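# Fold and geometry: a report
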Amino acid sequence: LVKPNVELTKSERQQVKALARDLLDKLKTSKLVLDWRKKARARAGVRATIQDVLDALPEAYSDELYEEKCSQIYEHCYESYHGDGASRYAHRADA
């Protein structure tokens, strides 16, 4: 969320980090369910959650940058989280 070089104060950077943690927690606990990528309603729910959480980004994020970040995060979720706890990161946590 902080790349490429968004000019943020220290408190804004902390705010962005907290938003990122909150977003991941919300997605993992209620949105990235089994087969979420196959269901239109589930995909829409993931996108809406991302947009809702990122709506609290600091003023340094323009509307264009906000839309770009929402799209990038959705794409990352789609590629990385298969649903029901399965992700490309799951094997790393077990190691």
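For the structure, see preceding data.
Read on for an overview of the structure. (Residues numbered from 1 in each chain as written. Predicted model: local features only at pLDDT ≥ 70, side-chain atom pairs only at ≥ 80, totals over all residues. Heavy atoms only, no water.)

### Structural notes on the nonpolar core
- Formed by 22 residues in total, the largest nonpolar core has its most connected members in Ile 50 and Leu 54.
- Contributing elements (two or more residues each) for this core: helix H1 (10–31), helix H2 (40–54) and helix H3 (63–80).
- Looking at which element gives the most residues to this core, the answer is H3, with 6 residues.
- Ile 50 has contacts with Leu 23, Leu 27, Cys 70, Ile 73, Tyr 74 and Cys 77, leaving out every residue within four places of it along the chain. (Core = buried A, V, L, I, M, F, W, Y, C linked by side-chain atoms within 4.5 Å. Buried < 20%, exposed > 50% of the residue type's maximum accessible area, 1.4 Å probe, protein only. Helix = DSSP H or I, 4+ residues; strand = E, 2+ residues; numbered from the N terminus. Contact = heavy atoms within 4.5 Å.)

### Observations regarding the packing of aromatic side chains
- Throughout the structure, instances matching the rule amount to 3 aromatic pairs.
- Ring plane angle 85° and centroid distance 6.2 Å describe the contact between Trp 36 and Tyr 74, whose orientation is recorded as edge-to-face. Residue Trp 36 is found in the loop between H1 and H2, and its partner Tyr 74 is found in helix H3; the two are separated by 38 residues along the sequence. Tyr 74 shares its class with Trp 36; the two are buried. (Phe/Tyr/Trp six-rings, centres within 6.5 Å; stacked < 30°, edge-to-face > 60°.)

### As for the packing of H2 against H3
- H3 packs onto H2 with a crossing angle of 140° between their chain directions and a minimal axis gap of 10 Å. Regarding the angle of H2 to H3, the classification is oblique. At the point where H2 passes H3, the crossing takes the right-handed sense. Contacts from Arg 43, Val 46, Arg 47, Ile 50, Gln 51 and Leu 54 in H2 reach Tyr 66, Lys 69, Cys 70, Ile 73, Tyr 74, Cys 77 and Tyr 78 in H3.
- The class makeup of the residues in the contact of H2 with H3 is 9 nonpolar, 1 polar and 3 charged. (Axes fitted to C-alpha atoms, helices over the stretch in contact; angles between N-to-C directions. Parallel < 35°, antiparallel > 145°, perpendicular 65-115°, else oblique. Left-handed = near helix turned anticlockwise from the far one by under 90°. Nonpolar A, V, L, I, M, F, W, Y, C, P; charged D, E, K, R; others polar.)

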